[in-house]
Structures are given as structure tokens and as C-alpha cells.
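The lines below spell out each chain.
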Amino acid sequence: MPDSEKGHRLAVLRVIIVAELVVALLTGATVVFAYQHVDKKIATGEPIHHHAKRPKPALPTSEMNILLMGTDSRDCAGCGIDKEAGEGGSDTTILLHIADGRRSAYGISIPRDTLVDRPQCRNGDKVVPGEQDATWNVAYSVGGPECTVEQVEAVTHVFIDSYITVNFGGFKEMVDAINGVEVCIPEVVDDPVAHIHFDAGTQTLDGDRALQYVRERHSTANSDLGRMKRQQAFIASMIGKVKSAGTLTRPDRLYKFASSLADSIETSPDIASAGKLVQLALSLRYADLQHVTFVTAPTTDFPVGDPNWGRLQFAPAAADLWARTKNDEPLGPFAKGAVTAKHPHGGKGSAAENGLCA
């Protein structure tokens, strides 16, 4: 076979691998892939100390759960958009459930202000005491991604196979690598606190503007829940962009997209190598955009006057959602009006409710 033909086939294979990994692992702000020469850049995190049991043995195409986290660290250039230092917490947490057969997946966003009973956890040789009525994202700041995983398992009883974290800098570079991501903003956004302005309508955002879009929280009511809806829509739109012909036919963009994240991610040891990530990506090659869905865990407000007013608590319906995830069942009623990678703004009847364009 001529060298040119071999090179072409290798490029095509790389495109397929990257695209499928995006569909599999991209959420609130994260995806990862590395070629062999950037393999060493992937940071290896602590192993998971499980609080839940895997329901059945893991197989190459069986169901699995990956916890995706975006840290609120502002130590990257241009990441301090809200003029805050950040506390090292998990600004975004998405539980990604990949169904048996790996042809579909759903991501569950967990509000960072939800109060839970955090279990005692381990971060290397350090034992982190548990805490009652702890804010969700504090687990990351006191014990890193491993403690967040332990919290998820203790609260939901869902077994977590792997985890991935990414910082704001990696998010920005990812967006710029694919030449921006299109969003539709239903009304003008004016945030006098963070000095963020968006005109209404459809527009393509670069990395800096995209970070502002998914982080903005002062101009809308119920700010964190609204922000999660925007994050879900943005992630879904980004998946569609990476799967589009304009990106799939540009190996240079895909390569930059993958390489830019290698310095910004940390994963559990089981997937902290290019080879293992490629295997995971290939197992998801038949996933369809219509069947990559994003929802938010059901929560309720504490009543006015309660000491925890201003925070959230899981609603009774959350128990059903965790059970469905644990038992590898479809979302059922939770899928109504959900954001998908094919329809980033949800259905026509739910777009306005989601604060998005129809």
C-alpha cells in the first residue's frame, strides 16, 4: 500500500476516534483524547474507593458510569471572568450513564448548591471527615475528584467506573480548536456584576465568549439551574459541531481539539492513557446524537426562613432517577423536553422553559 494511502487511512481513523470520544465523554465542559505523543500529559488522579457495588461484571460493551467534573479554578489566562478567585470546587458535575450496548447515553447535571450528607472519603493518604448538610461542590475543594466520586456513590448508590476533570482553560481551548460553537440566546443578556453582554439571537462563540456564556449567572433568576441548562445546551451543540462535516473533514482541527485538552485534564487511573481512551471511544462508535441526552437532577428549594434557605435539596423524584441509572434503564418521564446532541435546545414546547431558543 502506498505511503500516501496509509497516511490517509490513519487520518480517517483518527477522525473517527476523536469524534466518537466526543460523543461519549463530552459534558458541561469536558472531553478528552490524546495521541501517543501527548499521552504523558494526562494527569492521573487517585483511584476510586467505592461506596457502591457494581450491579454486574464490566464488559467491553456493557453499561458504565463516568463522572465528569469542571473545576472552578481561575488560574488559567482569562478564566477569572467573574472577578472571583474560585475555591477549587466542582463548578460542574455531570453523571454520564452509558447504556448497555453503548448506543445511547444520558448525562445528569447535579446542582452545585445541593445539600447532602458527605461521607468520609480518602484523597491519597489523607482521610477527609464527612459532613452533614454539606454543599455539593465542597467535596471537590476538600478532597478532589475522588471525594466527589465517593459522595456520588454514597448519595445515589450508583457505581462510578471512571472520572474525568477539566479546568476552564481546557474548555476555552476546546472551543477555539473547532472554530467556535453556535448558540441561540433568546433575549439580551446584561450582567452588570460580571460585565457580560450578549445580544439576542443565534451566534457563534469563541472560547472566551463561550466561557462567559456557560458561567454567567447574575442576570437571570434561579441562576445556577438556569446556568446548567445553558451548559447542557452548549455541550450538546458542541457535540454536534464536532460531528459535523466541517470538523470531521478537518483532522487539523480535531487534532488541535484533542491536544489542547491534554494539559487540562485529570482522570481516574483506569482510563489515564491514550490506548484506554481509544478503546472506550471505539466501543461507542455506534452512538447516535438523538440518543445522547442531558437532564438535571430533580431538586427543590428550602422554604423561606429555613436555615438552609438559598440552597437546594434533592426532590423525592431523584430517587427514581438514581434507580433508573443504577439499573441501566431509560430516562422515562425525565426525558420530556430534554436537551439532546441532535436538538441542543430541547423540544419546541420546552425551549422557553429551559431559557433557550426553540
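I will try to describe carefully the structure that is included in this document. (Residues numbered from 1 in each chain as written. Predicted model: local features only at pLDDT ≥ 70, side-chain atom pairs only at ≥ 80, totals over all residues. Heavy atoms only, no water.)

**Some points on the overall build of the chain**
In plain terms, the rule: Strands here are runs of E lasting at least two residues and helices are runs of H or I lasting at least four, both read from the DSSP assignment and numbered beginning at the N terminus. For every residue, the accessible area obtained with a 1.4 Å probe (protein chains only) is divided by the maximum for its type, and the residue is called buried under 20%, exposed over 50%, and partly exposed between those limits. What makes two residues a contact is simply this: any of their non-hydrogen atoms within 4.5 Å. In this description, accessible areas are obtained by the Shrake-Rupley approach with a 1.4 Å probe, and a residue is regarded as covered only by the protein chains that are shown.
Assigned secondary structure in the chain consists of 10 helices and 18 strands. When burial is assessed residue by residue, the chain has 55% of its 358 residues classed as buried. Residue pairs at least 24 apart in sequence account for 68% of intrachain contacts in the chain once pairs closer than 6 positions are excluded. Here the chain displays about 15,400 Å² of accessible surface, and carbon together with sulfur accounts for 52% of that area.

**Examining the packing of aromatic side chains**
Applied cut-off: Only centres within 6.5 Å qualify two rings of Phe, Tyr or Trp (six-membered ring in Trp) as a pair; their planes then separate them into stacked at under 30 degrees, edge-to-face at over 60, and tilted for everything else. For a Lys NZ or an Arg CZ to count as sitting over a ring, it must be within 6 Å of the ring centre and within 35 degrees of the ring normal.
All chains considered together, the criterion is met by four aromatic pairs. Their ring planes at 45° and their centres at 6.3 Å tell us that Y213 and F234 sit as a pair that is tilted. With a gap of 21 residues between them, Y213 in helix 4 (residues 207-215) and F234 in helix 5 (residues 223-243) connect regions that are remote in the sequence. Owing to a relative accessible area of 1%, F234 belongs among the buried residues under this scheme. Between F314 and W322, the ring centres sit 5.6 Å apart and the planes meet at 90°, which makes this aromatic pair edge-to-face. When its relative accessible area of 6% is taken as the criterion, W322 is described as buried. Among the aromatic residues, ring-to-ring pairing joins W136, F314 and W322 into one connected group. Sitting over the face of the ring of F198, R209 holds its NZ or CZ atom 4.0 Å from the ring centroid.

**Details of the environment of G310**
Relative to the helices and strands, G310 resides in the loop between strand 16 (299-301) and strand 17 (312-314). Taking the C-alpha atoms as reference points, G310 and D113, 197 residues apart in sequence, are found 8.4 Å from one another.

**Side note on helix 9 (residues 317-326)**
Note the cut-off: Summarising the geometry, the arc corresponds to the directions from the helix axis toward the C-beta atoms.
For helix 9, the full list of buried residues reads A318, L321, W322, R324 and T325. In an axial view of helix 9, the angular spread of the buried residues amounts to 160°, which keeps them on one side of the axis.

**Considerations on the environment of D301**
Relative to the helices and strands, D301 is located in strand 16. Separated by 11 residues in sequence, D301 and L312 have C-alpha atoms that sit 4.8 Å apart. In contact with D301, other than residues within four places in its own chain, are R311, L312 and Q313.

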